[in-house]
Amino acid sequence: MTMTNGYEQSDNEKKLEIVNLPSLEAEAKKIIPTGGFGYIAGGSEDDWTLKQNTAAFGHVQIVPKALSNIEQPSTATKVFGLDLKTPIMMAPTAAQGLAHAQGEKDTAKGVAAVGGLMAQSTYSSTSIADTAAAGAGAPQFFQLYMSKDWSFNESLLDEAVKAGVKGIILTVDATVDGYREADIINNFQFPIPMANLEKFSEGDGKGKGIGEIYAAAAQKINEDDVRRIAEYTHLPVIVKGIESPEDAMRAIGAGAAGIYVSNHGGRQLNGGPASIDVLPAIAKAVNHQVPIIFDSGVRRGSHVFKALASGADLVAMGRPVIYGLALGGAQGVQSVFEELNHELEIAMQLAGTKTIEDVKHAPLTHFNYAD
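Residues numbered from 1 in each chain as written. Predicted model: local features only at pLDDT ≥ 70, side-chain atom pairs only at ≥ 80, totals over all residues. Heavy atoms only, no water.

Student: Would you mind showing me how to read the environment of Ser-127 here?
Tutor: For Ser-127, the position within the fold is in the loop between strand S7 (118-121) and helix H5 (128-134). Along the sequence, Ser-127 and Asn-186 sit 59 residues apart, while their C-alpha atoms lie 27 Å from each other. Non-local contacts of Ser-127, meaning those with residues more than four positions away in its chain, are made with Gln-120, Ala-195 and Asn-196. (Helix = DSSP H or I, 4+ residues; strand = E, 2+ residues; numbered from the N terminus. Contact = heavy atoms within 4.5 Å.)

Student: Any chance you could explain the packing of aromatic side chains here in plain terms?
Tutor: How two aromatic rings sit relative to each other is set out by the distance from centre to centre and by the angle between their planes. Per the counting criterion, the structure on display carries eight aromatic pairs. On the numbers, 6.0 Å between centres and 25° between planes, the contact of Phe-37 with Tyr-323 is stacked. Linking Phe-37 in helix H2 (residues 34-41) with Tyr-323 in helix H13 (residues 319-350), this pair joins segments that are 286 residues apart in sequence. Geometrically, the ring pair formed by Phe-57 and Phe-294 is edge-to-face, given 6.2 Å between the ring centres and 85° between the ring planes. (Phe/Tyr/Trp six-rings, centres within 6.5 Å; stacked < 30°, edge-to-face > 60°.)

Student: Explanation requested: unusual backbone geometry in the structure shown.
Tutor: Peptide bonds are mostly trans, and most non-glycine residues show a negative phi. In the Ramachandran plot, His-234 falls in the positive-phi region, its phi being about 60° despite a non-glycine side chain. Looking at the element boundaries, His-234 is found in the loop between helix H9 (223-233) and strand S10 (237-242). Positive phi outside glycine occurs at Asn-287, with the angle close to 55°.

Student: Looking at this structure, how should I read the nonpolar core?
Tutor: The nonpolar side chains of soluble globular proteins are, as a tendency, buried together. Counting residues in hydrophobic clusters, the biggest one holds 100 residues, and the most contacted among them are Tyr-123, Ile-168, Ile-259 and Phe-294. In terms of residue count, H13 provides more of this core than any other element does, 13 residues in total. Apart from residues lying up to four places away in sequence, Phe-294 is in contact with Phe-57, Tyr-260, Val-261, Ser-275, Ile-276, Leu-279, Ala-307, Ala-312, Leu-314, Val-315 and Ala-316. Core analysis: the second largest hydrophobic core is formed by 14 residues, Ile-169, Ile-238, Tyr-260 and Ile-293 among them. (Core = buried A, V, L, I, M, F, W, Y, C linked by side-chain atoms within 4.5 Å. Buried < 20%, exposed > 50% of the residue type's maximum accessible area, 1.4 Å probe, protein only.)

Student: When you look at H13 in this model, what are you seeing that I'm missing?
Tutor: The periodicity of an α-helix, 3.6 residues per turn, causes residues three or four positions apart to be oriented the same way. Under the 1.5 Å per step criterion, the end-to-end length of H13 is only 27 Å for 32 residues, more than 12% shorter than the ideal 46 Å. In H13, a bend of some 140° at Gly-328 exceeds every other bend along the element. Counting buried positions along H13 yields 25 of 32 residues, so the element is predominantly enclosed. Where H13 ends, the next residue or the one after it, Gly-352, has phi of about 70°, a positive value. (Expected span 1.5 Å × (residues − 1). Bend = angle between axes of the 7 residues up to and from the residue.)

Student: What is the right way to read the side chain of Thr-126 from this model?
Tutor: On the secondary structure map, Thr-126 appears in the loop between S7 and H5. Overall, the relative accessible area of 11% leaves Thr-126 in the buried class. One polar contact links Thr-126 to Thr-131, side chain to side chain, over a distance of 2.8 Å. What Thr-126 contacts, discounting residues up to four positions off in sequence, is Gln-102, Glu-104, Lys-105, Thr-131, Ala-195 and Asn-196. (Polar contact = N/O pair within 3.5 Å; in protein donor to acceptor, adjacent residues only side chain to side chain.)

Student: Honestly, the pairing of strand S11 (residues 258-261) in this entry has me stumped. Any pointers?
Tutor: One face of the sheet, then the other: side chains in a regular strand alternate in exactly this way. Of the two faces of S11, the one lined by Gly-258 and Tyr-260 and the one lined by Ile-259 and Val-261 are each fully buried. Looking at chain direction, S10 and S11 are connected through four bridges and run parallel. The partner of Ile-238 across the bridge, within S11, is Gly-258. What joins S10 to S11 is helix H10 (residues 245-253), and the crossover it makes is right-handed. (Pairing = 2+ DSSP bridges. Right-handed = clockwise from strand over helix to strand, strands pointing away.)

Student: Could you clarify how one ought to interpret the packing of helix H12 (residues 301-309) against H13 in this entry?
Tutor: Helix-helix packing: each pair is described by the crossing angle between the helix axes and the interaxial distance. At their nearest, the axes of H12 and H13 sit 7 Å apart, and the two run at 60° to each other. With respect to H13, the element H12 is oriented oblique. You can see that H12 and H13 cross each other, and the crossing is right-handed. Here H12 contributes Gly-301, Val-304 and Phe-305 to the contact with H13, which in turn contributes Leu-340, Glu-343, Leu-344, Ala-347 and Met-348. Considered class by class, the residues forming the contact of H12 with H13 number six nonpolar, one polar and one charged. (Axes fitted to C-alpha atoms, helices over the stretch in contact; angles between N-to-C directions. Parallel < 35°, antiparallel > 145°, perpendicular 65-115°, else oblique. Left-handed = near helix turned anticlockwise from the far one by under 90°. Nonpolar A, V, L, I, M, F, W, Y, C, P; charged D, E, K, R; others polar.)

Student: I would appreciate a short explanation of the packing of helix H6 (residues 150-163) against H9 in the present structure.
Tutor: Interaxial distance between H6 and H9 falls to 10 Å at its minimum, and their mutual angle equals 45°. What the angle tells us is that H6 and H9 run oblique. Every pair of crossing elements has a handedness; the one defined by H6 and H9 is right-handed. Here Trp-150, Glu-154, Leu-157, Asp-158 and Val-161 of H6 come into contact with H9, specifically with Arg-228, Ile-229, Tyr-232 and Thr-233. For the contact of H6 with H9, the per-class residue count stands at five nonpolar, one polar and three charged.

Read these as spatial facts, not as claims about activity.
Structure (structure tokens):
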């Protein structure tokens, strides 16, 4: 363990033997301090939407296909002009130093090792440049929490462009902090600085709760902000936090190069629908005008398959990767992706789908089973 400002950080660096991703949470809880674990694992209010995100994958079933005459399906795909070895990407997840001393740097290494796409957060423990450098040329996106101070936004975007990121993810569903009871119970304040916030007059985030940090961010975000970021960076802008066809079309009308269907992993508006339940209608409205990224509740390879077959082009995950990071550093992150890829390959074979493009056209059914 490494001690930073009185907070114990894992320094594990090892491959993991993973039976399934849900089992990682209990193991990570043993080594991540209580406050940090509560921040990572918790949702808002009573966690209803958080729980439904995963449970709702049961609303969708994959149709097995026999006599399909395929073997060794491929998870390779191309999205946003990027050649990727997997359709599974790292969701932008804040403050990864809470899980491991190397934080986002180790996550970037692990994602690069599997040929995936990494998204780094404004609220990262490590800087944009350091996270990009750790990926050693592997593709990365930068996720922007817009500040009220546009000059600060420009400084972050400048650094992201200089670091060679391939796209900007604009998060629009976190204009205020969700009511996160675990943080309240633990009186949680960030013990580790957020490298990208050091330019704020308010400081680097250390000693503050997430609500205080969000208070410095923009509460009013509209279509003009999407255009402004796209024009400023000349990079594709993906709008994250879309949960309805109407919002998807507004974002595209404002120049969004991608739609990111997400309810923030159940951390914002509790009582909202599970993301997998709203994905098909959004995909129908978007109608392939731009790529769609999906996250919230993904824990199985079959979940990835169902999301792709429901209209997603990339499927992101956050918490399981952070648990893998805590347990094994960069190699732990790699192990998480490898396990999910393995499960996805099994689902692809049994569903008669040779490629990710085949998965996107695979039939699904919707039987209602009692819990």
